[in-house]
Amino acid sequence: MDLSIYFNLPLWLRLAIQGAAVIAVLFPIAAACSMAERKISAWIQGRPGPNRTVPPFLAGIPIIVPILQNLGLFQLAADGGKFVFKEDPIPGHVNKLYFVLAPILSMIPALTTISVVPFGAYFDKAGELVPIILANVDVGLLAVFAVASLGVYAIILAGWASNSKYPFLGAVRASAQLISYELSMTLSVLPVFLWVNVPGGMGTLSLFDVVQSQSQPGLWGGMWYVFLMPVSAFVFLVALFAETNRLPFDMAECEADLVGGFHTEYGAFKWSLFFVAEYCHMIVGSAVFVLLFLGGWNPLPWIPLSMVSDWLSLGDNPVLLGALATVLFIGKVLFFIFFFMWVRWTLPRFRYDQVMKIGWQKLLPLSIGNLVFYAVVIALLERF
Amino acid sequence: MAIIPVDRRPLSFAERTYLPQIISGLSTTWKRLVAPKETLEYPEQRPEIPANYRGVPTLVKDPHGREKCVSCQLCEFVCPPKAIRITPGDIPADSENAHVEKAPKEFEIDMLRCIFCGLCQEVCPEEAIWLQKQYSMTGYTRAEMVNDKQRLYELGGTLPDDHFKWDRKKEAEEAAAQGGHH
């Protein structure tokens, strides 16, 4: 396959095409998550879920259209179209500029974080594994944390600009919750990077290097960090639920006591932007979890991608190998999206004081203890 | 009354981490996820109507095809929302049912008023009006929602009859006219 035409394009154009391609995949997945949410909610409640909508001009086509109809994909399109075209009132009592700005702001960090997340890898001509990533920077995880936390500003801005009490309470809760869980989340991944950054090596926070260190040969090299550091993985996962405002931690929305939380005053397209942003956060958060603890694009523990490429002799075919790696990676991420929804219908929402108690009194000491434990273990391993 | 102290033992460590409960909860929801769905896909699948269901009131005929209603108007009088309107009429002398006292000329049940209470069926001395299995009434106009006599017999059909009250009365009268006793 001749890709030289593509590589002869100017760099800025290639980057623009790559960025657009990633968003063109991420945005529809985030939108489809809303239908997945409805379907999985329905199945867990013993219902079939939305399965009726079909455009009349497609109704006669056999097999493929009924399958899409049963999966509710036409319903998704109809909902999306409705959000775009319905009237979008702005209440009289809001601060208009910030009210309109908030949903736009919520999208920006959600779509930005994906740029430092690798979602596949292939072998270049020199036989080196190269990540498929928009910006292969060394600060990787730090950039994800830094930008993802900006998402809460959109919620705070929405709550404040709405100028009514329930959105405001939702925004206050969201900021308090974010601060509480950000700490444990960051502390929980430090052992991973202590382990990755062996003394004498090059210091890195790159997510690609974390996956590389899970793809080495041998018992310890091929082990995913979820086995090596289960407590870290658990704390990170719990904090991830809190950071993405998912049940059982959806304090910012909490429709039982806050009407709709921060989005009470929003409707139509602005409302849907908030939710696409929430699903984007879930996708990026799950991606980071998969990269850190579940071996990224490696199909199974102790079976890295390079082994699979040897079996299928895909080493000299970067496009196919890259596609395989990306599919493996997206598959794992989608499982996590499913897990988010599965947990939603399993656990009741925590009370606000319980959320704070779990965050400060349970998770934070746990993650600090975990960090100290691994620091001591790694120091001892280095010494002996 | 005896006071029974309930022994509330403190939560174990595993219970305080919530984890065993979360895992058992996840397995419960997983079982629900893969279980067959409870929903009845309504227009394609119809619910099974029990034999004693009280749906739309209808008029019925006896096995000989005679309309059983004799337009006594008891149902009209008992109907709480006044949904029934009966115009009594005579049976022509040359009809084979001439021995029956009367028949309704017109019989209307306004389904926008009917409350499906079943008092009409209960009060009917002729067992002529029955609440049967039809549960869904739709129409585009008010006029469409009024069941007239023809429609009521279409909906009602024929129900079995144990008595044949009017035929027996006629036989008895004929026997008496021939000088026998009855």
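Analysis parameters
- Residues numbered from 1 in each chain as written.
- Chains lettered and ligands numbered in written order.
- Predicted model: local features only at pLDDT ≥ 70, side-chain atom pairs only at ≥ 80, totals over all residues.
- Helix = DSSP H or I, 4+ residues; strand = E, 2+ residues; numbered from the N terminus.
- Rg over C-alpha atoms; globule rule 2.2 N^0.38 Å.
- Buried ≥ 20, exposed ≤ 12 C-beta atoms within 10 Å, placed from the backbone.
- Contact = placed C-beta atoms within 7 Å.
- Pairing = 2+ DSSP bridges.
- Axes fitted to C-alpha atoms, helices over the stretch in contact; angles between N-to-C directions.
- Left-handed = near helix turned anticlockwise from the far one by under 90°.
- Core = buried A, V, L, I, M, F, W, Y, C linked by C-beta atoms within 7 Å.
- Nonpolar A, V, L, I, M, F, W, Y, C, P; charged D, E, K, R; others polar.
- Parallel < 35°, antiparallel > 145°, perpendicular 65-115°, else oblique.
- pLDDT = per-residue confidence, 0-100.

With that settled, consider the overall build of chain B. Broken down by element type, chain B carries six helices and five strands. Counting helices and strands in the order they occur from the N terminus, chain B gives α-α-β-α-β-β-α-β-β-α-α. For chain B, whose C-alpha radius of gyration is 29 Å, the value lies well above the compact-globule estimate of 16 Å for 182 residues. Overall size of chain B, expressed as C-alpha extent along the three principal axes, is 100 × 55 × 30 Å. Expressed as a percentage of the 182 residues in chain B, the buried residues total 17%. Sequence separation of 24 or more characterises 70% of the internal contacts of chain B that already satisfy a separation of 6 or more.

With that settled, the discussion passes to the overall build of chain A. In terms of helices and strands, chain A carries 16 helices and two strands. Against the 2.2 N^0.38 benchmark of 21 Å for 384 residues, chain A shows a C-alpha radius of gyration of 22 Å, consistent with a compact globule. Principal axes of the C-alpha set define a box for chain A whose edges measure 65 × 55 × 45 Å. Buried residues in chain A amount to 42% of all 384 residues. For chain A, contacts bridging at least 24 residues in sequence account for 77% of all contacts bridging at least 6.

This paragraph deals with the sheet that holds strand E2 (residues 84-89) of chain B. Residue and element names in this part refer to chain B. In space, the three strands of this open sheet follow the order E2-E3-E5, with antiparallel pairing throughout. Of all strands in the sheet, those bounded by a partner on one side alone are E2 and strand E5 (146-147). With six bridges connecting them, E2 and strand E3 (residues 103-110) associate as antiparallel partners. From the neighbouring strand, Arg-85 faces E3, where its bridge partner is Glu-108. With respect to the sheet, helix H5 (residues 149-156) is in contact with E3 and E5, its orientation differing from that of E3 by roughly 80 degrees.

Moving on to the packing of helix H11 (residues 230-243) of chain A against helix H16 (residues 352-383) of chain A. Residue and element names in this part refer to chain A. Contact pair H11 / H16: the axes reach a minimum separation of 10 Å and the direction vectors enclose 150 degrees. Regarding H11 and H16, the two cross each other, and that crossing is left-handed. Packed against H11, whose contacting residues are Val-231, Ser-232, Val-235, Val-238 and Ala-239, the element H16 presents Leu-363, Leu-366, Ser-367 and Asn-370 at the interface.

As a further point, take the nonpolar core. Judged by nonpolar contacts, the single largest core of 98 residues is most densely connected at Val-117, Cys-280 and Ile-283 of chain A. Residue contributions to this core peak at 16 residues, all from helix H13 (residues 268-293) of chain A. Ranked by size, the runner-up nonpolar core spans 21 residues in total, among them Cys-75, Cys-120, Ala-128 and Leu-131 of chain B.

Our next topic: unusual backbone geometry. One can expect most non-glycine residues to show negative phi and most peptide bonds to be in trans. All names here are of chain B. The residue Tyr-18 is not glycine, and still its phi comes out positive at about 70 degrees. Within the fold, Tyr-18 resides in the loop between helix H1 (13-16) and helix H2 (19-34). Given 16 C-beta atoms within 10 Å, Tyr-18 falls into the partly exposed group. Within the chain, Gln-73 stands out as a residue other than glycine whose phi angle is a positive 70 degrees.

Taken together, the contacts link nine residues of chain A with ten residues of chain B. Class assignment for the residues of the side of chain A that touches chain B results in six nonpolar, two polar and one charged.

A few words now on the environment of Gly-222 of chain A. Residues and elements named next belong to chain A. Structurally, Gly-222 can be placed in the loop between helix H9 (207-213) and helix H10 (225-228). Gly-222 gets classed as partly exposed once you count the C-beta atoms within 10 Å, which come to 18. Among all residues touching Gly-222, those that are not within four sequence positions of it are Gln-216, Pro-217, Pro-301, Trp-302 and Pro-304.

If you want to describe how two helices pack, look at the angle between their axes and the distance between the axes. Residue and element names in this part refer to chain A. Packing of helix H2 (residues 11-44) against H13 brings their axes to within 9 Å, and their N-to-C directions diverge by 105 degrees. For the element pair H2 / H13, the angle class is roughly perpendicular. Residue-level contacts link Leu-26, Phe-27, Ile-29, Ala-30, Ala-31, Cys-33 and Ser-34 of H2 to Phe-275, Val-276, Tyr-279, Cys-280 and Ile-283 of H13. Split into classes, the residues belonging to the contact of H2 with H13 amount to eleven nonpolar, one polar and no charged.

What follows concerns the confidence of the model for chain B. Per-residue pLDDT for chain B averages 88, and the proportion of residues at 70 or more is 98%. What the predictor reports for the complex is a pTM of 0.80 with an ipTM of 0.79.

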